Structures are given as structure tokens and as C-alpha cells.
Amino acid sequence: MSGPPNEQAVLNIYESMRSELSQIYSNITDLEMQVSEHSLVINAIQPLDQSRKCFRMIGGVLVERTIREVLPAVQRNKEGLEEVVRKLYETLEKKKKDMTEFEAKYQIRLRKQDDSKEEGNNKKEGNAQGVLVGAAAASSSQ
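To start, this report covers the structure provided alongside it. Just so we're clear, the structure is a prediction, and the values are computed from it rather than from any experiment. (Residues numbered from 1 in each chain as written. Predicted model: local features only at pLDDT ≥ 70, side-chain atom pairs only at ≥ 80, totals over all residues. Heavy atoms only, no water.)

With respect to the packing of aromatic side chains
Each aromatic ring pair is summarised here by two numbers: the centre-to-centre distance and the angle between the ring planes.
Then step 1. Under the counting rule described, the total for this entry stands at two aromatic pairs.
Then step 2. Ring geometry for Phe102 and Tyr106: centres 4.8 Å apart, planes at 55°, overall tilted. Of this pair, Phe102 and Tyr106 both sit in helix α2 (residues 67-106), four residues apart, which is roughly one turn of that helix.
Then step 3. An aromatic cluster is defined as three or more aromatic residues linked by ring pairs; in this entry it consists of Tyr14, Phe102 and Tyr106. (Phe/Tyr/Trp six-rings, centres within 6.5 Å; stacked < 30°, edge-to-face > 60°. Helix = DSSP H or I, 4+ residues; strand = E, 2+ residues; numbered from the N terminus.)

Shown next, in the form of C-alpha cells:
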């Protein structure tokens, strides 16, 4: 480029960076949920008899195995997922740093600071409602 990018180009790049950060956050959340599910399975089957029947979904097919065969595979999968999550956090930090530098370079400031305070209060109420609903659902299922 011969000169500095125009305002619209800077905005497009910035929005792209924000979208990329959002996608990384989403991936991390999904993978952390999978790690949690793997932990639940490990904790549920670990104390059981190793020769006991166990069913596992592999590529959309439910297969019968023993706990002795399944437990190490589930543990390996969990460790692999944790490694991917760790790498995504590293990528996230790098992207956040790049975005901060980009904001500083082009003097980007978000205008919605007053709106975000009001939204923040609404979000707190929404989270509190979600916790109450979750607690009620948990107690009714027992």
C-alpha cells in the first residue's frame, strides 16, 4: 500500500479481528465442555470392575467394549482436548495483544460505554435468574 488504509478498511480489519476472537472464545467453551464431559465419564467408570461391559460411541457407531479398553482411550482423548484448549488460550492471548496494538495504532475507541454499563446490570440479573433456574432444575431432578 502506498498510504495509510482508509477508515472503512481499518474498521473492516478491526471487525474481522473481533470476529476471530469471538470464534476462539466459542471454540474454547465447546472444548472445555467436552473436557468436563470426559472427566465425568472417567470419574463414573474408574471405580467399576475393569472387566465390566462398557459402550462407546465411535464415529457414530455404538460399540461394546470393556472398561479396561475404554478408560485409557477416554483419558487420552481428555488429555488431547486439554492440550488443544491450552493452545487456543495461547492463540487467544496473542490475538488480544495484536488487537490492542491495532487499537492503539489507529486510535480505536468503543463508543458504547454508557450502554454497556446498563447492559452489564441487565446481564447480572439474567445470570442470577439462570442460576435460580439451574438450581431449581437440579433439585427437581433428584
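With respect to α2
Then step 1. When the terminal C-alpha atoms of α2 are compared, their 57 Å separation across 40 residues agrees well with the 58 Å that a helix rising 1.5 Å per residue should span.
Then step 2. The first or second residue beyond α2 is Gln107, which carries a positive phi of 50°. (Expected span 1.5 Å × (residues − 1).)

Some thoughts on the nonpolar core
Then step 1. Counting 14 residues, the largest nonpolar core has Ile24, Ile28, Leu31, Leu88, Leu92, Met99 and Phe102 as its most contacted members.
Then step 2. Of all the elements in the fold, those that place two or more residues in this core are α1 (7-45) and α2.
Then step 3. Broken down by element, the residue count for this core peaks at eight residues, all from α1.
Then step 4. Once residues lying within four places of it in the same chain are set aside, the contact partners of Met99 are Tyr14, Met17, Arg18 and Leu21.
Then step 5. The next biggest cluster of nonpolar side chains, apart from the first, holds seven residues, and it includes Ile42, Ile45, Leu71 and Val74. (Core = buried A, V, L, I, M, F, W, Y, C linked by side-chain atoms within 4.5 Å. Buried < 20%, exposed > 50% of the residue type's maximum accessible area, 1.4 Å probe, protein only. Contact = heavy atoms within 4.5 Å.)

Concerning unusual backbone geometry
With the exception of glycine, the majority of residues adopt a negative phi angle, and the majority of peptide bonds are in the trans configuration.
Then step 1. Notably, Gln107 is not glycine yet its phi reads approximately 50°, a positive angle.
Then step 2. Inspection of the secondary structure assignment puts Gln107 in the loop between α2 and α3 (113-140).

Topic: the pattern of salt bridges
Then step 1. Summed over all chains, the structure comprises nine salt bridges.
Then step 2. For Glu64, the salt bridge is made with Lys53, and the minimal N-O distance between the two is 4.0 Å. Of the two residues, Glu64 is situated in strand β2 (residues 61-66) and Lys53 in strand β1 (residues 53-58); the sequence distance between them amounts to 11 residues.
Then step 3. Salt-bridge contacts for Glu90 lead to Arg86; the nearest nitrogen and oxygen are separated by 2.3 Å. Of this pair, Glu90 and Arg86 both sit in helix α2, four residues apart, which is roughly one turn of that helix.
Then step 4. Residue class for Glu90 comes out partly exposed when judged on its relative accessible area of 46%.
Then step 5. By relative accessible area, Arg86 is classed as partly exposed at 39%.
Then step 6. Each of Glu83, Arg86, Lys87 and Glu90 takes part in one network of salt bridges that share partners. (Salt bridge = Lys/Arg side-chain N within 4 Å of Asp/Glu carboxyl O.)

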